[in-house]
Amino acid sequence: MFSTSRRCLASPSALRLCRLPTAPRVAYLSRTSHYRNTSGSHEDGKKKDQGSYTRVLAVFALSIPLGWGLHYLGDSRDGSSQVAKPTDFVGYALAGKEDISSTCSIFTLQPAQGSRIDTTVLYDPRAITSVQFKQPQLQIARSYTVLPPTEGQASDELRFLIRKEQKGEVSGYLHRLALGAEIEVRGPSVEYMLPEGVEDVIFLAGGTGIAPALQIADKKLRGSTHILWANRKREDCFGGVNDTPEPQSSSSWSLLTWWNQPITAVANASNSPKAVNTSDHAIVQQIESLKTRRGSLTPGGLTIDYYVDEEGTFIRPAGLSKLLHTPSPHQGKRLILMSGPDGFVNYWAGPKQWVGGREVQGPLGGALAALDLKEWEVIKL
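Rules and cut-offs
Counting from 1, residues in each chain are numbered in the order their sequence is written. Reporting of local features is limited, given that this is a predicted model, to residues whose pLDDT is at least 70; pairs of side-chain atoms are given and counted only at 80 or more, and all residues count toward the totals for whole chains, interfaces and linings. Processing note: side-chain calculations cover all non-hydrogen atoms of the structure and skip hydrogens and water entirely. When the centres of two rings from Phe, Tyr and Trp lie within 6.5 Å, Trp using its six-membered ring, the rings pair. Their planes under 30 degrees apart give stacked, over 60 give edge-to-face, and anything left gives tilted. Secondary structure elements are taken from DSSP: a helix is a run of H or I of four residues or more, a strand is a run of E of two residues or more, and numbering for both begins at the N terminus. Three labels apply to residues, based on accessible area from a 1.4 Å probe with only protein chains included: buried if under 20% of the type maximum, exposed if over 50%, partly exposed otherwise in between. Here, strands pair whenever DSSP counts at least two bridges between them. The axes are straight lines fitted to the C-alpha atoms, using for helices just the contacting stretch, and the angles between their N-to-C directions are given from 0 to 180°. Every residue pair with non-hydrogen atoms within 4.5 Å of one another is taken to be in contact. The salt bridge criterion pairs a side-chain nitrogen of Lys or Arg with a carboxyl oxygen of Asp or Glu, the two atoms within 4 Å. The pLDDT value tells you how sure the predictor is about a given residue, anywhere from 0 up to 100. Residues qualify for a patch when their relative accessible area is over 30% and they have no salt bridge, like charges being joined within 9 Å and the nonpolar side chains of Val, Leu, Ile, Met, Phe, Trp and Tyr within 5 Å. Note on areas: these come from Shrake-Rupley sampling with a 1.4 Å probe, and a residue is covered only by the protein chains present in the view. Any pair of N or O atoms that falls within 3.5 Å is considered a polar contact. Within protein, one atom must be able to donate a hydrogen and the other to accept it, and sequence-neighbouring residues count only if both atoms are side-chain atoms.

**Focus: the packing of aromatic side chains**
- One pass over the full model with this rule turns up 4 aromatic pairs.
- Each ring, one from Phe 133 and one from Phe 160, has its centre 4.8 Å from the other, and the planes form 85°; the classification is edge-to-face. Taken together, the residues Phe 133 in strand β3 (residues 127-135) and Phe 160 in strand β5 (residues 158-163) connect sequence positions 27 residues apart.
- Judged by relative accessible area, Phe 133 falls into the buried class, the value being 0%.
- Aromatic pair Tyr 347 and Trp 348: ring centres 5.0 Å apart, planes at 75°, arrangement edge-to-face.
- Judged by relative accessible area, which is 17%, Tyr 347 ranks as buried.

Quick look at the structure:
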């Protein structure tokens, strides 16, 4: 059960003050004063004792504000008082909620009480990170991947793409909150550390699994990144246009079901009449911004293809195999990463497993196990 109590930020200072050599100094002065007064009058000794105590108490009283001042000055210089431990929950205020579909919203959070999580770790250039949200009534927490920052975003703001699941205990709670409400979060946690020397990445994203894909696109500024994003409805990626349109085949993955019948009269996402304005959808707009940025920095850059169940377009093993065998001008490592609903990940690569109390990759299964992966390494996020 998660504790809702928080340690007072003053506690470390108070403890340091208690450990100051004030107490031993009192005892020393008292003994000295008593010893010296054994050769004088009782009255003189009493006055000296009182004077010693008065001076000690005065020094102690002055040391309190001095200690606070030094503690505050030191913390304000290094910012340590503002950064919470990764294991502690911190209060954030819901500063914005942008609905991008009937079930999905982008949540914007800002620190509510001066403390914040460690954004230095959060935006590590190789780390895929998440943050836990607490549901206080049920005392449970769920992890959500942080969206990469957009232009003009405040450095202490956090953005998340969260879908309201039908039976989602945490997602339902979050979607019911009003603007300004306080949310307890903790982290960040590193879900995956991108190895050095990675050149080519293919990312299979299902639904809100696009969030870690965007982190990869934002941080990996070398080589090529190709995202295949599958959604149930067009509203989840409204305005998205494929970079490599191609006809579909008879076997495909659907977020709704597994199709084994021939697919005819398939509408490609890039030909959809709705795919006309990327500014209508915040995630699609951010993808386009990342494509422009990556294209100006990296040969190959960032490409993305959209797949929508209701339009009959699906990620196909045959199409993925074609991508895997496309020659690359790069000599570095090649990764296939995936994130999304359990069924999506399980279909493509088999389920992850719990070993020794923690979740591990588990053996490669699913559709990818039947493909010739060559030098490609598979990672389940």
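The discussion continues.
**A word on the sheet that holds strand β1 (residues 90-99)**
- Spatially, β4-β3-β6-β1-β2-β5 is the arrangement adopted by the 6 strands of the open sheet, whose pairing is antiparallel. Among the strands making up the open sheet, the edge pair consists of β4 (140-145) and β5. Across the sheet, the axes of successive neighbouring strands diverge by a mean angle of 40°, strand direction being ignored.
- Alignment of β1 against strand β6 (residues 182-193), held across 4 bridges, turns out to be antiparallel. What sits directly across from Gly 91, in β6, is Glu 184.
- Contacts from helix α5 (residues 169-176) reach β1, β2 (104-111), β3, β4, β5 and β6, with the element oriented near 80° to β4.
- In the packing of helix α6 (residues 210-219) onto the sheet, contacts are made with β3, β4 and β5, and the angle to β3 comes to roughly 145°.

**Structural notes on the pattern of salt bridges**
- Applying the stated criterion across every chain yields a total of 13 salt bridges.
- The partner of Arg 163 in a salt bridge is Asp 236, with the nearest N and O atoms 3.5 Å apart. Within this pair, whereas Arg 163 is found in strand β5, its partner Asp 236 is found in the loop between β8 (224-231) and β9 (252-253), the two being separated by 73 residues in sequence.
- A salt bridge links Arg 234 to Glu 311; its shortest N-O distance comes to 3.0 Å. Separated by 77 residues along the polypeptide, Arg 234 in the loop between β8 and β9 and Glu 311 in the loop between β11 (302-308) and α8 (317-324) bring together distant segments of the chain.
- Here Arg 234 falls in the buried class, since its relative accessible area comes to 1%.
- In this structure, a network of salt bridges that share partners links the residues Asp 200, Arg 334 and Glu 375.

**Digging into the pairing of β11**
- With 6 of its 7 residues buried, β11 lies for the most part within the structure.
- Sheet analysis places β8 next to β11, joined by 7 bridges and oriented parallel. What sits directly across from Asn 231, in β11, is Val 308.

**Things to note about the confidence of the model for the protein chain**
- Of the residues in the protein chain, 68% have a pLDDT of 70 or more, and the chain-wide mean is 77.
- Counted against residues more than four places away or in other chains, residues 63-81, with its pLDDT under 50, gives 11 contacts.

**Topic: a nonpolar patch on the surface**
- The grouping of Val 121, Val 190 and Met 193 at the surface amounts to a nonpolar patch, some 210 Å² of accessible area in total.
- Examined against the element boundaries, Met 193 turns out to sit in strand β6.

**Some points on the side chain of Gln 215**
- Along the chain, Gln 215 falls in helix α6.
- In terms of polar contacts, Gln 215 uses its side chain to reach the backbone carbonyl oxygen of Thr 129, at 3.0 Å.
- Among all residues touching Gln 215, those that are not within four sequence positions of it are Ala 127, Ile 128, Thr 129, Thr 145, Val 146 and Pro 148.

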